[in-house]
Amino acid sequence: MPPSVPSLPRRVARTLRTSLFAQVTCALVLGIVVGKLWPDTATALQPLGDGFTRLIKTVISPLVFCVVVVGIAKAGDLKAFGRIGVKALIWFEIASTAALVIGLVAANVVGPGKGMNVDPSSLDAAAVQETTGGGHLPTTTEFVLNALPQSFIGAFADNELLQVLILACLVGAALLHLGHTKVPKILPAIEQAQEIIFAVVGFIMRLAPIAVFGAMAHLVGNYGLGVMRTYAKLIVLCYVAAALFIALLAVALKAVTGLSLWKFLRYIREEMLLALGTASTESVMPRVMQKLRRAGARDDAVGLVLPTGYSFNLDGASLYLSIGTLFIAQAVGVDLSLGQQVTVVLVLMLTSKGMAGIPGSAFLALSATASSVGAIPAGAVALLLGVDRIMDSMRVVTNLLGNCVAVFAVSRWEGALDTDRAKRVLDGEDTSTPGDDETGVGGEKGLGGEKGPGGEKGPGGEAGAEAPAPGIPAQKPKELKEPAPDAG
């Protein structure tokens, strides 16, 4: 007798119950409907999205700290970690510059602001001041100083990722210097804390559909859909330019690692949809770190490149800023020369690096760029107030994919990427949950009898005792009951 096939309603119910992607998709559509039909009610739902983002932010700093410390200790080579950092910065600068140039070329060819003939004096410059809260982008000196922690606890309390990264590097270097015999319990404790944090992330992610519903309902209810008709040319241009840049990322990823960006996009489709719904890449950072690690990128590469990219590799923001600057100039009738456009690129290369975490940072960067060029009235930045929130989706997708590609590329460049494992995961041949391929304490388990990152293959194809990293002698198995070696 052939097995009975579940009815369509049951299959739909099971999919909604088990698939985060399906849940977030439904929440996204429902949020748009509620925002359109009941805008007054929808605008009050923003706390649902903000609350979720706040919960995720509480675990980002400790997670980054744990992943980086464990990555350095297992790699056993602080110089290799330094090389990863330098190569990441090189990749970031090339990618950001490419995004800026693509944006300028696209804006020159299409001319989204031409023919608008806006009178700058009719614009409300005070609205920009209100959006930015009177803040300012840090100078280069301030940016460097702000990256240095003033206190160990303060870096975590303020969620300053660059400061947390520096502390993690210092702690990881100290572990290598002291060796495992002097601090035998520290590394396992940090690994266990890392597993607890990932479990907490799993709990919080169950709230993702509620967050997406609230954030999308607020967006549509507050701004409406009419703004898309008013700025249609600019919106379409930004999204087309972003698609072109993502296509270039796909080519670069294929050339450097042999991996497919489209398969990777399918692999992180749940995180991508959540980032779109909440307009925040921070909301998915922990899950993306998990998935990158499972896809063959070594811990130290993931722990350094991804968080650093959140400050140094804002490709989507670079695209938006370059197009937005020329849009403003064209709208008020200012024809920028080639030299002035080169100045725009140089200024944006600097200002875009200090944008992360600053309220109204896009408007601050645009105002700084307008002031440096001199020909664009600073108040003209108010032209983008109505459309800025619509651009969040473009910025989020481009920023997130740009940083993920950077992790794979730099990992491959440094020899910290298991390409075979990455292909299996992206092809769907390995469907284990992120974290299932780890032993938790004492080293990573190889996949199918293979050697895991930093660990040797044990008898029978299972992960045996982890190979000792330089400066960290291997511990003797507890079951042998042998006395521990003297600290030396």
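Residues numbered from 1 in each chain as written. Predicted model: local features only at pLDDT ≥ 70, side-chain atom pairs only at ≥ 80, totals over all residues. Heavy atoms only, no water.

Glancing now at the overall build of the chain. Tallying secondary structure elements over the chain gives 22 helices and 0 strands in all. Put simply, the chain has 488 residues, and 51% of those count as buried. Excluding contacts between residues fewer than 6 apart, the proportion of contacts in the chain whose partners are at least 24 apart in sequence is 81%. (Helix = DSSP H or I, 4+ residues; strand = E, 2+ residues; numbered from the N terminus. Buried < 20%, exposed > 50% of the residue type's maximum accessible area, 1.4 Å probe, protein only. Contact = heavy atoms within 4.5 Å.)

Next up on the list: the nonpolar core. Core analysis: the biggest nonpolar cluster contains 134 residues, and Val-64, Leu-234, Leu-261, Phe-264, Leu-292 and Leu-401 have the highest contact counts within it. A total of 14 residues in this core trace back to one element, the largest contributor, which is helix α4 (residues 46-75). Residue contacts for Leu-261: discarding those within four places in its chain leaves Ile-246, Leu-249, Ala-250, Leu-253, Leu-401 and Val-405. (Core = buried A, V, L, I, M, F, W, Y, C linked by side-chain atoms within 4.5 Å.)

This next bit is on the pattern of salt bridges. Throughout the structure, instances matching the rule amount to 9 salt bridges. The partner of Glu-271 in a salt bridge is Lys-291, with the nearest N and O atoms 3.2 Å apart. In this pair, Glu-271 sits in helix α15 (residues 269-278) while Lys-291 sits in helix α16 (residues 285-294), placing the two residues 20 residues apart along the sequence. Judged by its relative accessible area of 0%, Glu-271 falls in the buried class. In this structure, a network of salt bridges that share partners links the residues Glu-270, Glu-271, Arg-287 and Lys-291. (Salt bridge = Lys/Arg side-chain N within 4 Å of Asp/Glu carboxyl O.)

This next bit is on the packing of α16 against helix α17 (residues 299-312). Two elements in contact, α16 and α17, have axes separated by 10 Å at closest approach and are oriented at 145°. Here α16 and α17 pass one another in a crossing that is right-handed. Every residue of α17 that contacts α16 at Met-285, Val-288, Met-289, Leu-292 and Arg-293 is listed here: Asp-299, Val-302, Gly-303, Leu-306, Pro-307 and Tyr-310. For the contact of α16 with α17, a count of residues per class yields 8 nonpolar, 1 polar and 2 charged. (Axes fitted to C-alpha atoms, helices over the stretch in contact; angles between N-to-C directions. Left-handed = near helix turned anticlockwise from the far one by under 90°. Nonpolar A, V, L, I, M, F, W, Y, C, P; charged D, E, K, R; others polar.)

A few words now on the packing of aromatic side chains. If you walk through the whole model with that rule in mind, you get 5 aromatic pairs. One aromatic cluster in this structure is built from Phe-65, Phe-152 and Phe-156. Its guanidinium or amino end placed over the ring of Tyr-267, Lys-291 lies 5.1 Å from that ring's centre, counting from NZ or CZ. In this structure, Arg-395 packs its charged tip against the face of Tyr-320, placed 4.6 Å from the ring centre. (Phe/Tyr/Trp six-rings, centres within 6.5 Å; stacked < 30°, edge-to-face > 60°. Lys NZ or Arg CZ within 6 Å of the ring centre and 35° of its normal.)

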